[in-house]
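A structural walkthrough
For reference, the chains in residue letters:
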Amino acid sequence: MLSNQPVSSTTAWSSAATDTDFWTMLAHTLLPSYVNTCRWFAGKARQQTGFSVQTIHSLDLPDGDLAFLLILEASYADGVPENYLLPVSFLTKPDAAVRADIPEKGRIGELTLDGQRGLLIDAIYDERFREVLFTAIYQNQTIAQPNGQLNFHRGKGLEEGDDKLSSQVLPVDSSNSAMTFGDKYFLKLYRKLFEETNPEVDMVAFLTDESNFTHIPAFGGSIIWKQPNRADVTLGMIQRMVPNDKDSWMQTGDYLNDFLYGVPQRMFAIREDVFDKVELLGKRTGEMHCALYKPSRDGIPTDTAFAPEPFTDEYRTFLIKRFEDLLERRYALLIDNYTKLDPLAQRLAWVFMEAKEMIETFIADFRTRPLDSLRIRIHGDYHLGQVLATSSDFVIIDFEGEPESTISERKIKHSPLKDVAGMIRSYHYAVSAKLFNSTETDNIDPDHLQRVSDRWFYLIRDTFLDAYLDVFGAPHPLFKNNSEINFLLLIYLLEKAVYELGYEISYRPAWVKIPLKGIIDVVREIEKIRLSDGHSVHDVPMLQTGLLQTKGV
Ligand SMILES: Nc1ncnc2c1ncn2[C@@H]1O[C@H](COP(=O)(O)OP(=O)(O)O)[C@@H](O)[C@H]1O
Ligand SMILES: O=P(O)(O)O[C@H]1O[C@H](CO)[C@@H](O[C@H]2O[C@H](CO)[C@@H](O)[C@H](O)[C@H]2O)[C@H](O)[C@H]1O
């Protein structure tokens, strides 16, 4: 977004790196309004108190010009400041063609530097900058900077001979920026930065280098900022590009359109190939977790970052605390927004509020319940939108973990059933969003709609779960027995639905009833447990309609 204010400085672009006054001036003029238009800036809704350029890394462009990688600090009235990556370059040529190529969202503003007029842009839109990043990764370059060094690392997935590829910025608007190289590589530049290696780099590099799991885009390399006595900061990662038409959320939506067709005629029909796909996704998910399960072999411990761990007291305390905080925040959010909810959501909200004590008792049981299953690194934000559908298979992407968690939290090991719960919730979302938000079902009795969507969901859930568990065989150290599987699934399903409740209240209020229904389904399961054996929960029965019963796990 171009600012109308003409901004000028006596500094030339070539000597700007060391001119702190220049960057301070920019941080007070062009940058705040620009950053606030960017999809990747997560601080828009917060009360901002200012921006400052904390660090400037210089990169030489092929024609002798320069681009800078700015680390921009955003400060707020409440809470800790955040750091964002903003690469900038300065186009001085009054060349209309060059400028016409820069989309509005890449234009930071007009600048006059040392008498030279030009346009300051987000450098991802500068082909020279993209070429420099790619070449540096390809050549494993280390570029010294006043504040440490930039380490460009090439991984297994970047092939020899692919050194000159044309590049583009992908139009997807998300929390990071994506560039493609020769339609073969996908480079993600992280925008919000953390002083720790991004979990996505850990995970994708590990799966590429240490396992035979091929259903992720192979790791092509990373861009890391290293500083003495400080943790590494990950600036970017490159992977193989996956040719895909759509993600699994969209694919499931297509299946649901077919299904929806029969609903007004009271015909319940799911195509067989839908079950085949769901089974395949269950299998791929199981294979991903098998690949992440690396016990010590012959007494030789594997990389501790990936070694399986038991359900320690420390983990139990962490999870319970997180759950309690999450519940408190969600109850408060729900109360604040109650009057904005539609009548169905309000009814469900009441059931949730009334079940508070029961939920708390159930969570508290997690502190002492004997659990012999194991925890490993997992995807962490697993849902249908994170799985790309190729012509006949699936590729799993976006291993950054749950956006609301800190980077350290995202690396905590969990039961892989947390990912399984994420996917189950996602199927529930898919059918609920389709059936309750489509005009085709406007005239259908809501109770009937609820019954058919429940049936669809249970069949799909059990198909997914069954195919998932089949991968492990029985017994497997990750899952002690059915009772533990069912208990852990309930815990993670509840946690995920409670997390989603906040997401929907903030971003899609019309969808709030979806996670509320998910929470209430778990509450009903907890009630069943209590009714079956008083208040102790030794044997946790299978989920309603679960095919699990037939498995000898
Ligand atoms: N390796 C890849 N190949 C092709 N497209 C990809 C690849 N990785 C991601 N994408 C596309 O880019 C979008 C954003 O990627 P994602 O990893 O989810 O980024 P973000 O962290 O910004 O959400 C995805 O929804 C998908 O459409
Ligand atoms: O942007 P991310 O992929 O990191 O994930 C966030 O946004 C997701 C929504 O796009 C949100 O997922 C929720 O909605 C999905 C449907 O749009 C559904 O499939 C998921 O089950 C549901 O959790 C995700 O929670 C949030 O972290």
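The structure presented is a predicted model; accordingly, all values stated were derived computationally and were not measured.

Okay, the overall build of the protein chain next. Helices and strands together make up the secondary structure of the protein chain, namely 15 helices and 19 strands. Seen through its C-alpha atoms, the protein chain measures out along the principal axes to roughly 80 × 60 × 45 Å. Classification of the 553 residues of the protein chain by burial places 55% in the buried group. Within the protein chain, contacts between residues separated by at least 24 positions form 70% of all contacts whose residues are at least 6 apart in sequence. Per element, the accessible surface of the protein chain, about 24500 Å² overall, is 51% carbon and sulfur.

Spatially, β7-β8-β13-β14-β11-β10-β9 is the arrangement adopted by the 7 strands of the open sheet, whose pairing is antiparallel. Bordering the open sheet on either side are β7 (142–145) and β9 (167–169), each of which pairs with just one other strand. Strand-to-strand twist in this sheet, taken as the mean axis angle between neighbours without regard to direction, amounts to 15°. Both β7 and strand β8 (residues 148–154) contribute to a ladder of 4 bridges, which runs antiparallel. Bridge pairing links Gln 145 to Gly 148 in β8. Sitting on the sheet, helix α4 (residues 127–138) is in contact with β8, β9, β10 (177–181), β11 (185–189), β13 (219–226) and β14 (233–240), with an inclination near 75° to β8. Strands in contact with helix α5 (residues 199–210) are β11, β13 and β14; relative to β14, the strand with the most contacts, it is inclined by about 40°.

Quick look at the nonpolar core now. Grouped together as the largest cluster of nonpolar side chains are 138 residues, with contacts concentrated most on Ile 359, Phe 366, Tyr 427, Leu 516 and Ile 519. With 14 residues, the top contributor of residues to this core is helix α14 (residues 482–507). The contacts of Tyr 427, once residues within four sequence positions are left out, are Thr 252, Val 278, Leu 281, Leu 384, Trp 456, Phe 457, Ile 460 and Phe 464. Counting 31 residues, the second largest nonpolar core, distinct from the first, contains Val 35, Trp 40, Phe 41 and Ile 108.

This part covers the pairing of strand β2 (residues 48–60). Taken together, the 11 bridges between β2 and strand β3 (residues 66–76) define a ladder with antiparallel strand orientation. Bridge assignment links Val 53 to a residue of β3, and that residue is Leu 72. The turn linking β2 back onto β3 is made up of 5 residues, and Gly 64 within it adopts a positive phi angle of 95°.

The next thing to look at is the domain arrangement of the protein chain. Along its sequence, the protein chain is carved into domain 1 (7–125), domain 2 (130–240) and domain 3 (246–537). Distance from the C-alpha centre of domain 1 to the C-alpha centre of domain 2: 22 Å. Facing the 22 residues of domain 1 at the interface are 24 residues of domain 2. On the domain 1 side of the contact with domain 2, His 57, Leu 85 and Ile 124 bury the most area, a combined 30% of that side's loss. Summed over the shared surface of domain 1 and domain 2, the number is 2 salt bridges. For the interface between domain 1 and domain 2, the tally reads 6 residue pairs in polar contact (both at pLDDT 80 or more). Mapped by element, the contributors of at least two residues to the side of domain 1 that touches domain 2 are β2, β3 and β4 (82–91).

Take the site of ligand 2 next. Around ligand 2, a shell composed of 13 residues is seen, among which Asp 381, Ser 426, Tyr 499, Glu 500 and Arg 508 lie nearest. With respect to ligand 2, the side chain of Tyr 499 contributes an N or O atom lying 2.8 Å from an oxygen atom. Contacts to ligand 2 include Glu 500, whose side-chain N or O atom sits 2.9 Å from an oxygen atom. When the free accessible area of ligand 2 is taken as 540 Å², the share hidden by the protein chains comes to 82%. For the shell around ligand 2, the secondary-structure elements that each account for two or more residues are α12 (417–436) and α14.

This part covers the site of ligand 1. Residues in close proximity to ligand 1 total 14 residues, the closest being Ser 174, Asn 176, Lys 188, Arg 240 and Val 242. Here Lys 188 contributes a side-chain N or O atom positioned 3.0 Å from an oxygen atom of ligand 1. Backbone polar atom of Arg 240 to a nitrogen atom of ligand 1: 3.0 Å apart, as the coordinates give it. In the complex, the protein chains occlude 84% of the 550 Å² of accessible area that ligand 1 would expose alone. For the shell around ligand 1, the class distribution of residues is 6 nonpolar, 4 polar and 4 charged.

The next subject is unusual backbone geometry. Backbone geometry at Arg 266 places phi at a positive 55°, although glycine is not the residue there. Note that Arg 266 resides in the loop between α6 (248–262) and α7 (272–292). We classify Arg 266 as exposed; its relative accessible area is 61%. Here Asp 398, not a glycine, exhibits a phi torsion of approximately 60°, which is positive. Counting through the fold element by element, Asp 398 comes out in the loop between β19 (394–396) and α11 (407–410).

Before going further, it helps to examine the pattern of salt bridges. Inspection of every chain in the model, using the stated rule, returns 43 salt bridges. Of the charged contacts, one joins Asp 273 and Arg 271 as a salt bridge, the two residues approaching to 2.7 Å between their closest N and O atoms. For Asp 273, a relative accessible area of 31% corresponds to the partly exposed category. The partner of Arg 284 in a salt bridge is Asp 393, with the nearest N and O atoms 2.7 Å apart. Placement of Arg 284 in helix α7 and of Asp 393 in the loop between β18 (387–389) and β19 is noted, with a sequence separation of 109 residues between them. Residue Asp 393 is classed as buried on the basis of its relative accessible area of 15%. Members of the salt-bridge network, linked through shared partners, are Asp 63, Asp 65, Asp 126 and Arg 128.

The next thing to look at is the environment of Tyr 458. Following the sequence through the fold, Tyr 458 ends up in helix α13 (residues 446–470). Between the alpha carbons of Tyr 458 and His 428 there is a distance of 8.8 Å; along the sequence they are 30 residues apart.

Packing of α5 against α7 brings their axes to within 10 Å, and their N-to-C directions diverge by 90°. With respect to their mutual orientation, α5 and α7 come out roughly perpendicular. Contacts between α5 and α7 involve Met 203, Phe 206 and Leu 207 from the first element and Met 288, Ala 291 and Leu 292 from the second. Classifying every residue of the contact of α5 with α7 by side-chain character gives 6 nonpolar, no polar and no charged.

Calculation criteria
Residues numbered from 1 in each chain as written. Chains lettered and ligands numbered in written order. Predicted model: local features only at pLDDT ≥ 70, side-chain atom pairs only at ≥ 80, totals over all residues. Heavy atoms only, no water. Helix = DSSP H or I, 4+ residues; strand = E, 2+ residues; numbered from the N terminus. Buried < 20%, exposed > 50% of the residue type's maximum accessible area, 1.4 Å probe, protein only. Contact = heavy atoms within 4.5 Å. Areas by Shrake-Rupley, 256 points an atom, 1.4 Å probe, with all protein chains shown as cover. Pairing = 2+ DSSP bridges. Axes fitted to C-alpha atoms, helices over the stretch in contact; angles between N-to-C directions. Core = buried A, V, L, I, M, F, W, Y, C linked by side-chain atoms within 4.5 Å. Domains from an automatic or database assignment. Buried area = accessible area lost by both parts, 1.4 Å probe. Salt bridge = Lys/Arg side-chain N within 4 Å of Asp/Glu carboxyl O. Polar contact = N/O pair within 3.5 Å; in protein donor to acceptor, adjacent residues only side chain to side chain. Near = heavy atom within 4 Å. Nonpolar A, V, L, I, M, F, W, Y, C, P; charged D, E, K, R; others polar. Parallel < 35°, antiparallel > 145°, perpendicular 65-115°, else oblique.

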